[in-house]
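# Coordinate analysis (summary)
Residue strings, one per chain:
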Amino acid sequence: MLLTYLFSLLAGGVLIALSLEGDSGADGAGGNLSLLFSTPFWSFGLCGFGLCGLLLSLLTRSGTVLPTVVLALGMGVAMGLAAARLLGLMGRRDVDSLVRSADLIGREGIVTLAIEAESRGFVELTARGSLIRRPAVSNGGSLPQGTTVVVVASEGNTLRVDRI
């Protein structure tokens, strides 16, 4: 039985390693039954069954094999279902890197084109991993190039800034 656990552990590990190469295509969108036919279920299930069975066999010296097999099967099924469900949920998440004007309020930036009292200049700041360059007006007089500012409001595409 030890060889069965070792083989299952290795097979699950190989399936997990191979799944890192590309998209498995199964996201669990078909319901609970489809999870049983997904690659993550079998990969993590085999790995969990093999690891649990191997550890129980090596760490306990009982004469009966049945409790070890039942616990290993339960652990394999639980790990397979948990991994398939978790990977399915993660795969459905939407990535949103769109920078909205509201995301800029409160951010620090640097004046790249001097802002005069009655005219616009430009400010560069970072939001959601993107470098943003927007026209800006000052709340309190002129701001020379290189001044560190904070965005206090956004009016259309123009930012209203204050000196820090």
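These figures come from a predicted structure and were not determined experimentally.

A few words on the overall build of the chain. Counting secondary structure elements, the chain contains 5 helices and 5 strands. What you see in the chain, going N to C, is helices and strands ordered as α-α-α-α-α-β-β-β-β-β. Residue burial in the chain is summarised as follows: out of 164 residues, 30% are buried. For the chain, long-range pairs separated by at least 24 residues make up 54% of all intrachain contacts whose partners lie at least 6 apart in sequence. Total accessible area on the chain stands at roughly 10100 Å², and carbon and sulfur atoms take up 63% of it.

Counted according to the given criterion, the structure contains 3 salt bridges. One salt bridge in this structure joins Glu155 and Arg160, with 3.1 Å as the shortest N-O distance. For Glu155, a relative accessible area of 43% puts it in the partly exposed group. Taking relative accessible area as the criterion, Arg160 reaches 25% and is therefore assigned partly exposed.

The next subject is the packing of aromatic side chains. Between two aromatic rings, the relevant description is the distance of the centres plus the angle of the planes. On inspection of all chains with the given rule, the structure shows 2 aromatic pairs. On the basis of an interplanar angle of 65° and a centroid distance of 5.3 Å, the ring pair of Tyr5 and Phe49 is categorised as edge-to-face. Here the residue Tyr5 occupies a position in helix H1 (residues 2-19), and Phe49 occupies one in helix H3 (residues 39-59), the gap between them amounting to 44 residues. Since its relative accessible area comes to 12%, Phe49 is described here as buried. On the basis of an interplanar angle of 85° and a centroid distance of 5.2 Å, the ring pair of Phe41 and Trp42 is categorised as edge-to-face. By relative accessible area, which is 7% here, Phe41 ends up buried. Taking the relative accessible area as the measure of exposure, Trp42 reaches 46% and is therefore partly exposed. The cationic tip of Arg133 hangs over the ring face of Phe122; the distance from NZ or CZ to the ring centre is 4.6 Å.

Turning next to the side chain of Arg134. Structurally, Arg134 can be placed in strand S3 (residues 130-138). Here Arg134 occupies a buried position and makes no salt bridge, while the nearest side chain of opposite charge, Asp103, is found at 8.6 Å. Side chain to side chain, Arg134 and Asn157 meet in a polar contact 3.2 Å long. When residues no more than four places from it in sequence are discounted, the contact partners of Arg134 are Val99, Ser101, Leu104, Gly121, Phe122, Val123, Asn157 and Leu159.

Spanning 21 residues, H3 covers 30 Å between terminal C-alpha atoms, matching the ideal 30 Å at 1.5 Å per step. Turning to H3, its buried residues are Pro40, Phe41, Ser43, Gly45, Cys47, Gly48, Phe49, Gly50, Cys52, Gly53 and Leu54.

Moving on to the environment of Val14. Residue placement: Val14 occurs in helix H1. Through-space distance from the C-alpha of Val14 to that of Ser43 is 8.1 Å; in sequence the pair is 29 residues apart.

Further remarks concern the sheet that holds S3. Spatially, S1-S2-S3-S5-S4 is the arrangement adopted by the 5 strands of the closed barrel, whose pairing is mixed. The average angle at which neighbouring strand axes cross in this sheet is 55°, direction not considered. As paired strands, S3 and strand S5 (residues 158-163) are joined by 3 bridges and run parallel to one another. In the sheet register, Ala136 faces S5, and the bridge partner there is Leu159.

Parameters at a glance
Residues numbered from 1 in each chain as written. Predicted model: local features only at pLDDT ≥ 70, side-chain atom pairs only at ≥ 80, totals over all residues. Heavy atoms only, no water. Helix = DSSP H or I, 4+ residues; strand = E, 2+ residues; numbered from the N terminus. Buried < 20%, exposed > 50% of the residue type's maximum accessible area, 1.4 Å probe, protein only. Contact = heavy atoms within 4.5 Å. Areas by Shrake-Rupley, 256 points an atom, 1.4 Å probe, with all protein chains shown as cover. Salt bridge = Lys/Arg side-chain N within 4 Å of Asp/Glu carboxyl O. Phe/Tyr/Trp six-rings, centres within 6.5 Å; stacked < 30°, edge-to-face > 60°. Lys NZ or Arg CZ within 6 Å of the ring centre and 35° of its normal. Lys, Arg positive; Asp, Glu negative; His and termini not counted. Polar contact = N/O pair within 3.5 Å; in protein donor to acceptor, adjacent residues only side chain to side chain. Expected span 1.5 Å × (residues − 1). Pairing = 2+ DSSP bridges. Axes fitted to C-alpha atoms, helices over the stretch in contact; angles between N-to-C directions.

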